[in-house]
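The chain contents come next:
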Amino acid sequence: MVDLKVQYEKIKPEIDKAINDVIASTSFINGPAVKEFQAALENYLGVKHVIPCANGTDALQISMMALGLKPGDEVIAPSFTFIATAEVIALLGLTPVLVDVEPDTFNISPSAIEKAITPRTRAIVPVHLFGQTADMDAIMKIADEHKLFVIEDACQSIGSDYLNATGVWKKSGTIGNIGCTSFFPSKNLGCYGDGGAIFTNDDQLAAKLRSIVNHGMTVRYYHDDIGVNSRLDSIQAAILKVKLQHLDAYAHARQQVAAAYDNAFRNQPELIVPAHNNHSTHVFHQYTLQVKGIDRNKLQEYLATKEIPAMIYYPVPIHLQKAYLDPRYKAGDFPVTEQLSQSVISLPMHTEMDHQQLNYITASVLEFLESTRS
Ligand SMILES: Cc1ncc(COP(=O)(O)O)c(C=O)c1O
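Residues numbered from 1 in each chain as written. Predicted model: local features only at pLDDT ≥ 70, side-chain atom pairs only at ≥ 80, totals over all residues. Heavy atoms only, no water.

Topic: the overall build of the protein
Next, step 1: Along its length, the protein carries 13 helices and 14 strands.
Next, step 2: On C-alpha atoms alone, the protein measures out to a radius of gyration of 21 Å, which is about the 21 Å that the 2.2 N^0.38 rule sets for 374 residues.
Next, step 3: Its C-alpha atoms give the protein principal-axis dimensions of roughly 70 × 55 × 40 Å.
Next, step 4: In the protein, which comprises 374 residues, the proportion classed as buried is 55%. (Helix = DSSP H or I, 4+ residues; strand = E, 2+ residues; numbered from the N terminus. Rg over C-alpha atoms; globule rule 2.2 N^0.38 Å. Buried < 20%, exposed > 50% of the residue type's maximum accessible area, 1.4 Å probe, protein only.)

Here's the deal with the packing of aromatic side chains
In this description, a pair of aromatic rings is defined by centroid distance and the angle of the planes.
Next, step 1: Going through the model one piece at a time under the given rule, you end up with 14 aromatic pairs.
Next, step 2: Both rings, one in Tyr-8 and one in Tyr-192, keep their centres 6.0 Å apart while their planes meet at 85 degrees; by these two values the pair is edge-to-face. Of this pair, Tyr-8 sits in helix 1 (residues 4–10) while Tyr-192 sits in the loop between strand 8 (178–182) and strand 9 (196–200), and the two are 184 residues apart along the sequence.
Next, step 3: When its relative accessible area of 24% is taken as the criterion, Tyr-8 is described as partly exposed.
Next, step 4: Using a relative accessible area of 33% as the deciding quantity, one classes Tyr-192 as partly exposed. (Phe/Tyr/Trp six-rings, centres within 6.5 Å; stacked < 30°, edge-to-face > 60°.)

Section: the sheet that holds strand 9
Next, step 1: Strand order in the open sheet made by the 7 strands is 1-9-8-5-4-2-3, with mixed pairing throughout. Because the sheet does not close on itself, it has two edges, and the strands there are strand 1 (49–53) and strand 3 (95–99). Neighbouring strand axes in the sheet, compared pairwise and without regard to direction, differ in orientation by 25 degrees on average.
Next, step 2: Here 4 bridges tie strand 8 to strand 9, and the two strands are oriented antiparallel to one another. (Pairing = 2+ DSSP bridges. Axes fitted to C-alpha atoms, helices over the stretch in contact; angles between N-to-C directions.)

Quick notes on the site of the ligand
Next, step 1: Around the ligand sit 13 residues, and of these Gly-56, Thr-57, Asp-153, Ser-182 and Lys-187 come closest.
Next, step 2: Within the backbone of Gly-56, a nitrogen or oxygen atom sits 2.8 Å from an oxygen atom of the ligand.
Next, step 3: Protein chains shield 91% of the accessible area of the ligand, which is 390 Å² for the free molecule.
Next, step 4: When contributions to the shell around the ligand are tallied by element, the ones reaching two or more residues are helix 4 (56–66) and helix 5 (84–91).
Next, step 5: Considering every element that reaches the shell around the ligand, the biggest residue donor is helix 4, with 3 residues.
Next, step 6: Of the residues in the shell around the ligand, the class split is 5 nonpolar, 6 polar and 2 charged. (Near = heavy atom within 4 Å. Polar contact = N/O pair within 3.5 Å; in protein donor to acceptor, adjacent residues only side chain to side chain. Areas by Shrake-Rupley, 256 points an atom, 1.4 Å probe, with all protein chains shown as cover. Nonpolar A, V, L, I, M, F, W, Y, C, P; charged D, E, K, R; others polar.)

Section: the packing of helix 3 (residues 32–45) against helix 9 (residues 234–244)
Next, step 1: Interaxial distance between helix 3 and helix 9 falls to 8 Å at its minimum, and their mutual angle equals 35 degrees. In this structure, helix 3 meets helix 9 at a crossing whose hand is left-handed. Facing Ala-33, Val-34, Glu-36, Phe-37, Ala-40, Leu-41 and Tyr-44 of helix 3, the residues of helix 9 in contact are Ser-234, Ala-237, Ala-238, Leu-240, Lys-241 and Leu-244.
Next, step 2: Here the residues of the contact of helix 3 with helix 9 sort into 10 nonpolar, 1 polar and 2 charged. (Left-handed = near helix turned anticlockwise from the far one by under 90°. Contact = heavy atoms within 4.5 Å.)

A short note on the sheet that holds strand 13 (residues 287–291)
Next, step 1: Spatially, 12-13-14 is the arrangement adopted by the 3 strands of the open sheet, whose pairing is antiparallel. Strands with a single pairing partner mark the edges of an open sheet, and in this sheet they are strand 12 (271–272) and strand 14 (344–347).
Next, step 2: Strands in contact with helix 12 (residues 335–343) are strand 13 and strand 14; relative to strand 13, the strand with the most contacts, it is inclined by about 100 degrees.

Quick notes on the side chain of Ser-160
Next, step 1: Take Ser-160: it is sitting in the loop between strand 5 (149–153) and strand 6 (161–163).
Next, step 2: Only 2.8 Å separates the side chain of Ser-160 from the backbone oxygen of Thr-281, close enough to count as a polar contact.
Next, step 3: Apart from the residues lying within four places of it in its own chain, the contact partners of Ser-160 are Gly-131, Thr-133, Lys-170, Lys-171, Ser-172, Ser-280, Thr-281 and Val-283.

Some points on the pairing of strand 4 (residues 121–124)
Next, step 1: As judged from the 3 bridges shared by strand 2 (residues 74–78) and strand 4, these two strands associate in the parallel manner. Its bridge partner lying in strand 4, Glu-74 is registered against Thr-121.
Next, step 2: With 2 bridges connecting them, strand 4 and strand 5 associate as parallel partners. Considered in strand 5, the bridge of Ala-123 is made with Phe-149.
Next, step 3: In this fold, the crossover linking strand 4 to strand 5 by way of helix 7 (residues 136–146) has right-handed handedness. (Right-handed = clockwise from strand over helix to strand, strands pointing away.)

Some thoughts on the state of the cysteines
Next, step 1: For the structure on display, the rule yields 0 disulfides.
Next, step 2: The thiol of Cys-155 is not disulfide-bonded; the next cysteine sulfur, from Cys-180, is found 6.5 Å away.
Next, step 3: Take Cys-155: its relative accessible area is 10%, and that puts it in the buried class.
Next, step 4: Its sulfur unpaired, Cys-191 is 11 Å from the next cysteine sulfur, which belongs to Cys-53.
Next, step 5: Cys-191 sits in the buried class, given a relative accessible area of 1%. (Disulfide = S-S within 2.5 Å.)

A look at helix 7
Next, step 1: Residues Met-136, Ile-139, Ile-142 and Ala-143 constitute the buried set of helix 7. Seen along its axis, helix 7 keeps its buried residues to an arc of 125 degrees; they face one direction. Exposed residues lying more than 90 degrees from the buried face of helix 7 are Lys-141 and Asp-144.
Next, step 2: Looking at the buried residues of helix 7, the elements they touch are helix 6 (110–116), strand 4, strand 5 and strand 6.
Next, step 3: Immediately downstream of helix 7, the backbone of Lys-147 shows phi near 55 degrees, a positive value. (Arc of directions from axis to C-beta.)

Below, the structure is given as structure tokens:
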């Protein structure tokens, strides 16, 4: 689905130097590379505070801890997302309240959020799925009215720009109280291991987040909060600082691949190409088609015979996952999510895709469609 090897080869001298410099310094933990990357990311995002941590899942968990959410508090999240979003809510003893998503953008539905609010609701976690920012104006308005926190799950959307109702562009993940991202290797800004970060413009919250990522400690060996150990190591930070300089170019390359896929598939009656909303740029963490009237799994199998990977993100909605079965929910409760989990398929998407690869993939998909018609 991604070609990290070719990407690495193109920036090898910069990356190798960054890694070697950290090794030579032996500042493996919280070294200067971490502070430098943090400052570079703050500058890129236009946000006051970036708090690096060990991965995107930790970023979400630490955010909920810093906001002081308590067992029994309800947190609204989409039913169509990667499990981590709901996992941390459950892990902290909070109550995940799932809501359906929009059929075109796959992002959380603001009207569904409104219907799910109860006196125990404390927070909303919009997930900017596949690289397009959710309708944050509508979500922030609901949050303001009901005095709720907003934690943006921007694990798939780093670099996406959001145009708010007052005509101001903001980076995805910098609009709510807190934003979270993941630097998993295949992410749009990926390191060479695990990594994550939390963003906020709130000074007090930033201090709390910094304490929690570091065992609840602000003065060494004095622990004011119950925290965790969640660090971005210096080698990963040094790699990320190099890759951050290429992030916009990477997004552009992904957008070009998406445009070529769109051109090839837009007029095929069996396919729905990804919708673009008019308030956000799409950075295409995934290029996800919906199929109509054909067997999605057969398409995936056919592509596999041609050595083209295609993935189903996500085959089982959260409320139908074994560990998350809950008497509050049953099959049929989230019709859009359930329909999407049966009909989506994501094609290879990466920054180094050449014309030959693209043509081979599009021709293979079209060949399959043709075979189903005859
Ligand atoms: C939407 C979403 N949330 C959370 C995560 C968790 O990130 P990580 O794998 O870095 O823990 C991911 C990435 O896998 C994700 O895609």
